[in-house]
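Summary of structural features
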Amino acid sequence: VSRPMASSAKRESPVSLKNISSLLYTDGPPRILLTHNGETVESLAIVPAAQEHRSFILSTWVKSYESQARRQGLRAEYAKYEPAIAESRWQDSWVVTDPDGYTVHAWVCGRDGQLWHCYVVPELRRIRVATRLIEFACGTLKEYARPWPYSAHARHNPYLLRTK
């Protein structure tokens with residue numbers, strides 16, 4: 001027997017990102033501005049990665065492409081090489097946080113036109129936050145630092161490839 005919900009109980013509706021877009025702001029401290037119809041609704045700081053961000057960066061980096069590696073038959077290689085790459089590169093990252101610096105919304109590892117990795121929390125995807133963050137860290141992107149995981153169908157061990 002199902003009972004109706006009490007009239008005082010309300011369900012919280014998810015926040016809609018309809019008509020929300022992002023802008024890169026670099027006049028002063030770098031920020032990503034979330035705007036709605038031209039009005040800024042949120043200002044997120046872009047800061048260099050610090051020790052307190054390390055665990056979030058490493059865990060999201062390694063987990064991001066685990067399923068893709070498994071589908072491509074590269075699970076063992078991924079598990080062997082990717083954590084070491086993430087550990088050696090995380091300090092080259094930029095993090096998008098609330099003004100208080102506590103909540104991490106996104107991060108990018110890249111510089112000098114090379115992108116190593118980028119992550120955006122699911123709630124802020126599809127509004128070009130990753131694009132703005134890569135633009136900030138890498139400028140005009142010249143190349144990925146490695147062909148995988150950005151190539152869709154690797155047929156070889158991507159960790160043995162050398163970049164230009």
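Reference entry: report on the structure contained in this document. (Residues numbered from 1 in each chain as written. Predicted model: local features only at pLDDT ≥ 70, side-chain atom pairs only at ≥ 80, totals over all residues. Heavy atoms only, no water.)

**Examining the overall build of the protein**
Along the backbone of the protein there are 4 helices and 7 strands. Out of the 164 residues in the protein, the part that is buried amounts to 38%. In the protein, the proportion of contacts linking residues at least 24 apart, taken out of those at least 6 apart, comes to 58%. Total accessible area computed for the protein in this model is approximately 10700 Å², and 51% of it derives from carbon and sulfur atoms. (Helix = DSSP H or I, 4+ residues; strand = E, 2+ residues; numbered from the N terminus. Buried < 20%, exposed > 50% of the residue type's maximum accessible area, 1.4 Å probe, protein only. Contact = heavy atoms within 4.5 Å. Areas by Shrake-Rupley, 256 points an atom, 1.4 Å probe, with all protein chains shown as cover.)

**Section: the sheet that holds strand β4 (residues 93-97)**
What links the strands of a sheet is backbone hydrogen bonding, and the strands pair in either a parallel or an antiparallel sense. Reading across the sheet, the 7 strands line up as β1-β2-β3-β4-β5-β6-β7 and stay open at both edges, with mixed pairing between neighbours. Across the chains shown, the open sheet's two edge strands, defined by having one partner strand only, are β1 (20-25) and β7 (143-144). Bridge count for β4 against strand β5 (residues 104-111) is 5 bridges, and the pairing is antiparallel. Looking at the pairing, T97 lines up with V104 of β5. Across the sheet, helix α1 (residues 54-64) lies against β4, β5 and β6 (114-120), angled at about 100° from β6, the strand it touches most. (Pairing = 2+ DSSP bridges. Axes fitted to C-alpha atoms, helices over the stretch in contact; angles between N-to-C directions.)

**Looking at the layout of surface pockets**
In this structure, the largest pocket encloses a volume near 310 Å³. Along the walls of the largest pocket sit 18 residues, with C118, Y119, V120, A130 and I134 positioned nearest its centre. Elements supplying a minimum of two residues to the lining of the largest pocket: β6 and α4 (129-138). Residues that form the lining of the largest pocket fall into these classes: 11 nonpolar, 3 polar and 4 charged. (1 Å grid on protein atoms, 1.4 Å probe; cavity = no way out; pocket = protein on both sides within 12 Å on 5 of 7 lines; lining within 4 Å. Points joined across faces, edges and corners; volume = space filled by probe spheres on them. Nonpolar A, V, L, I, M, F, W, Y, C, P; charged D, E, K, R; others polar.)

**Remarks on the packing of aromatic side chains**
In total, this model carries 3 aromatic pairs according to the counting rule given. On the numbers, 5.9 Å between centres and 75° between planes, the contact of F56 with Y119 is edge-to-face. Within this pair, whereas F56 is found in helix α1, its partner Y119 is found in strand β6, the two being separated by 63 residues in sequence. Consider the rings of W94 and F136, whose centres lie 4.9 Å apart with planes at 90°: the pair is edge-to-face. In this pair, W94 is assigned in strand β4 and F136 in helix α4, connecting sequence segments 42 residues apart. Look at W94 and you get partly exposed, because its relative accessible area is 26%. (Phe/Tyr/Trp six-rings, centres within 6.5 Å; stacked < 30°, edge-to-face > 60°.)

**A short note on the environment of T140**
One can find T140 in the loop between α4 and β7. Along the primary structure T140 and G113 are separated by 27 residues, whereas in three dimensions their C-alpha atoms are 6.1 Å apart.

**Digging into the environment of V95**
Structurally, V95 is set in strand β4. Classification of V95 as buried rests on a relative accessible area of 0%. Between the C-alpha atom of V95 and that of A50, which follows or precedes it by 45 residues, the distance is 8.6 Å. Beyond its immediate sequence surroundings of up to four residues, V95 is in contact with A45, I46, V47, A49, H53, I57, V104, A106 and W107.

**A word on the packing of α1 against helix α3 (residues 75-89)**
Remark: α1 packs on α3, axes separated minimally by 10 Å, with the N-to-C direction vectors making an angle of 150°. On the basis of the axis angle, α1 is roughly antiparallel to α3. Crossing of α1 over α3 shows right-handed handedness. Residue-level contacts link R54, L58, W61 and V62 of α1 to Y78, E82, P83, I85, A86, E87 and R89 of α3. Taken together, the residues that form the contact of α1 with α3 break down as 7 nonpolar, no polar and 4 charged. (Parallel < 35°, antiparallel > 145°, perpendicular 65-115°, else oblique. Left-handed = near helix turned anticlockwise from the far one by under 90°.)

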